[in-house]
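# Observations on chain architecture
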Amino acid sequence: MSTTTTGGARAGAAAPPGPAVRPRAAGRGTRGSTSTFWLFAGPFLAGLLLFVYVPVGWSLYLSFFQAQNTVSPTKFVGLSNYTDILTEGPFTDSLWTFTLFALIVVPLTFVLALALALLVHRIRVARAFFRSVFFIPTACSYVVASMVWKLSIFNGVRFGLANTVLGWFGIEPIAWIGTVSPPWYWMVLVTVRLWLQLGFYMILFLAALQQIPKELYEAAWTDGARPGWQTFRHITLPQLRTTSVAVVLLLLIAAYQAFDEFYNILPNTPYARPPLVYLYYTALGQGQDFGHGSAGALVLAALITMVTLLQGRIFGFGKAES
């Protein structure tokens, strides 16, 4: 009886008090995460604000003033700068130049980049070598490539590379840059742009090709589909839809922003100026007309935004795959 009572007392005895556990302060982890976020993101956000949003805001301000040779104007002109550049003149001509450039470069880059990606994807030997070979031009400077194209390949003299090749077939040398009729300078501008950007878009298509399940092709072959154009049309191309839309979008934006090759290959030529080259000469030329230059820059930004949104609306970019 005494034993049972003693055991029961021992079992029911309270445990000796241990060190007091302090409750974790509410919100301490959240404050620490917030501090870490601002520590890493703060410098980038400050740079974005200082070097992007402030210049864009000041450019919007200048576009409503007569700002020649000054960035602190006082004469308000309203929408006069926008009216001037949107009427028939150099800026609208530059938009036509862009349109022609885009109509040539965008389809060619798309088709050639996709073809290169298909070829490299099918290669079983030295695939990494061929990927590197086609991608290396992407790392080249646009200015350097433009000067090589202008001074060495298409320099217009008999000893230039292009004219040397034509001489083998008995064709007289061509002044590639100086000839307006026919406009041989488009050959120079288009080929240098293709050489510089094909590798980048090839890598995008190649990455998308590697994500296509092989089971789709095996099922198609089981159902009697023939390898080649039939499987490419009904399997490969639909699976590349999202990447294709993104590539076209990037190509259009890059065409809008064409500057280096035009500025270095065709300096001081009024017949082939894309929008950025026109705005460069307007804002930083002899007149330094920051009012019209700012208005043109904002119009160009609005056009890029509208084209991007329109393309996303048409092709459903960003929507879930059905």
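By convention here, each chain's residues receive numbers from 1 onward along its written sequence. Totals for whole chains, interfaces and linings use every residue, but because this is a predicted model, local features are given only for residues with pLDDT of at least 70 and side-chain atom pairs only at 80 or more, for both listing and counting. Derived side-chain values reflect all non-hydrogen atoms in the structure, with water molecules and hydrogen atoms excluded from consideration.

## Digging into the nonpolar core
For our purposes a nonpolar core is just a set of buried Ala, Val, Leu, Ile, Met, Phe, Trp, Tyr and Cys residues, chained together by side-chain atoms within 4.5 Å. For the exposure calls, accessible area comes from a 1.4 Å probe over protein chains only, and a residue counts as buried if that area is under 20% of its type's maximum, exposed if over 50%, partly exposed in between. Formed by 62 residues in total, the largest nonpolar core has its most connected members in Phe205 and Phe262. Strands here are runs of E lasting at least two residues and helices are runs of H or I lasting at least four, both read from the DSSP assignment and numbered beginning at the N terminus. The element that contributes the greatest number of residues to this core is helix 8 (residues 185-210), accounting for 15 residues. Those residues in contact with Phe262, other than ones at most four positions away along the chain, are Thr97, Phe101, Trp186, Leu189, Pro267, Ala272, Pro274 and Val277. Throughout, a contact is declared for two residues whenever any of their heavy atoms are within 4.5 Å.

## Focus on the packing of helix 4 (residues 90-122) against helix 5 (residues 127-135)
All axes are obtained by fitting lines to C-alpha atoms, using only the stretch in contact for helices, and the reported angles, taken between N-to-C directions, cover 0 to 180 degrees. Packing of helix 4 against helix 5 brings their axes to within 9 Å, and their N-to-C directions diverge by 160°. The orientation of helix 4 relative to helix 5 falls into the category roughly antiparallel. Here helix 4 and helix 5 pass one another in a crossing that is right-handed. Of the residues in helix 5, those in contact with Leu116, Val120 and His121 of helix 4 are Arg127, Phe130, Arg131 and Phe134. Among the residues making up the contact of helix 4 with helix 5, the classes are represented as 4 nonpolar, 1 polar and 2 charged. Orientation is classified from the angle alone, with under 35 degrees giving roughly parallel, over 145 giving roughly antiparallel, 65 to 115 giving roughly perpendicular, and any other angle giving oblique. In this scheme, a crossing is called left-handed if the near helix is turned counterclockwise away from the far one by less than a right angle; it is called right-handed if the turn is clockwise. Basically, the charged four are Asp, Glu, Lys and Arg, the nonpolar ten are Ala, Val, Leu, Ile, Met, Phe, Trp, Tyr, Cys and Pro, and anything else, Gly included, counts as polar.

## Quick word on helix 4
Helix length check: helix 4, at 33 residues, gives a terminal C-alpha distance of 47 Å against a target of 48 Å (1.5 Å per residue), a fit within 8%. The largest bend along helix 4 measures about 25° and falls at Ala102. A helix is expected to span 1.5 Å multiplied by its residue count minus one. Note that bend, as reported per residue, equals the angle between axes fitted to the 7 residues terminating at that residue and the 7 residues originating from it.

## Notes on the layout of surface pockets
Over the atoms, a rolling probe the size of a water molecule traces out where space has been left empty. A pocket, in this scheme, is an open set of points on a 1 Å grid over the protein atoms alone with protein on both sides within 12 Å along at least 5 of 7 lines, while a cavity is a set where a 1.4 Å probe fits but cannot get out; residues line either one if an atom lies within 4 Å of a point. Grid points are joined across faces, edges and corners, and a volume is the space filled by probe spheres set on the points. In this structure, the largest pocket spans a volume of roughly 530 Å³. Considering the residues around the largest pocket, the lining is formed by 17 residues, among which His121, Arg122, Arg124, Tyr217 and Trp221 are closest to the centre. Elements with a minimum of two residues in the lining of the largest pocket: helix 4, helix 8, helix 9 (214-222) and helix 10 (229-239). The element best represented in the lining of the largest pocket is helix 9, accounting for 4 residues. Here the residues of the lining of the largest pocket sort into 7 nonpolar, 5 polar and 5 charged. One number sums up the size of the second largest pocket: a volume of about 220 Å³. Lining the second largest pocket are 13 residues; nearest its centre among them are Leu279, Ala283, Gly293, Ser294 and Ala297. Going through the elements one at a time, helix 2 (28-62), helix 13 (275-284) and helix 14 (290-315) are the ones with two or more residues in the lining of the second largest pocket. When the residues that make up the lining of the second largest pocket are grouped by side-chain class, the tally is 10 nonpolar, 3 polar and no charged.

## Description of the environment of Tyr82
One can find Tyr82 in helix 3 (residues 80-86). Among the residues examined, Tyr82 registers a relative accessible area of 14% and is labelled buried. Those residues in contact with Tyr82, other than ones at most four positions away along the chain, are Leu60, Ser63, Phe64, Ala295, Leu298 and Val299. Within the structure, the side chain of Tyr82 is placed 2.7 Å from the side chain of Ser63, a separation counted as a polar contact. Residues adjacent in sequence count toward polar contacts only when both atoms are side-chain atoms; beyond that, a polar contact is any pair of N or O atoms within 3.5 Å, and within protein one must be able to donate a hydrogen and the other to accept it.

## Description of the packing of aromatic side chains
Each pair of aromatic rings is reported with the distance of its centres and the angle of its planes. Stacked, edge-to-face and tilted labels apply to pairs of Phe, Tyr and Trp rings (six-membered ring for Trp) whose centres lie within 6.5 Å, assigned for plane angles under 30 degrees, over 60, and everything in between, in that order. In total, this model carries 23 aromatic pairs according to the counting rule given. Between Phe129 and Phe130 the ring centres are 5.3 Å apart and the planes differ by 75°, which places this aromatic pair in the edge-to-face class. Using a relative accessible area of 52% as the deciding quantity, one classes Phe129 as exposed. Between Tyr263 and Tyr280 the ring centres are 5.2 Å apart and the planes differ by 75°, which places this aromatic pair in the edge-to-face class. Here Tyr263 is found in helix 12 (residues 260-265), whereas its partner Tyr280 is found in helix 13, with 17 residues between them in sequence. Pairwise contacts between aromatic rings join Trp58, Tyr61, Phe65 and Phe76 into one cluster. Over the ring of Tyr281 we find Arg273; its NZ or CZ atom is 4.3 Å from the centre of that ring. Throughout this description, the term charge over a ring refers to an Arg CZ or Lys NZ atom that lies within 6 Å of the ring centre and within 35 degrees of the ring normal.

## Looking at a nonpolar patch on the surface
Taken together, the side chains of Phe37, Trp38, Leu45, Leu48, Leu49, Leu50, Phe51, Val52, Tyr53, Val54 and Val56 present a nonpolar region at the surface, about 1100 Å² in accessible area. Its place among the elements puts Trp38 in helix 2. The patches described consist of residues with a relative accessible area above 30% and no salt bridge, like charges being joined within 9 Å and nonpolar side chains (Val, Leu, Ile, Met, Phe, Trp, Tyr) within 5 Å. Method for areas: the Shrake-Rupley scheme with a 1.4 Å probe, in which residue coverage is limited to the protein chains shown. Only one rule defines a salt bridge in this text: a Lys or Arg side-chain nitrogen within 4 Å of an Asp or Glu carboxyl oxygen.

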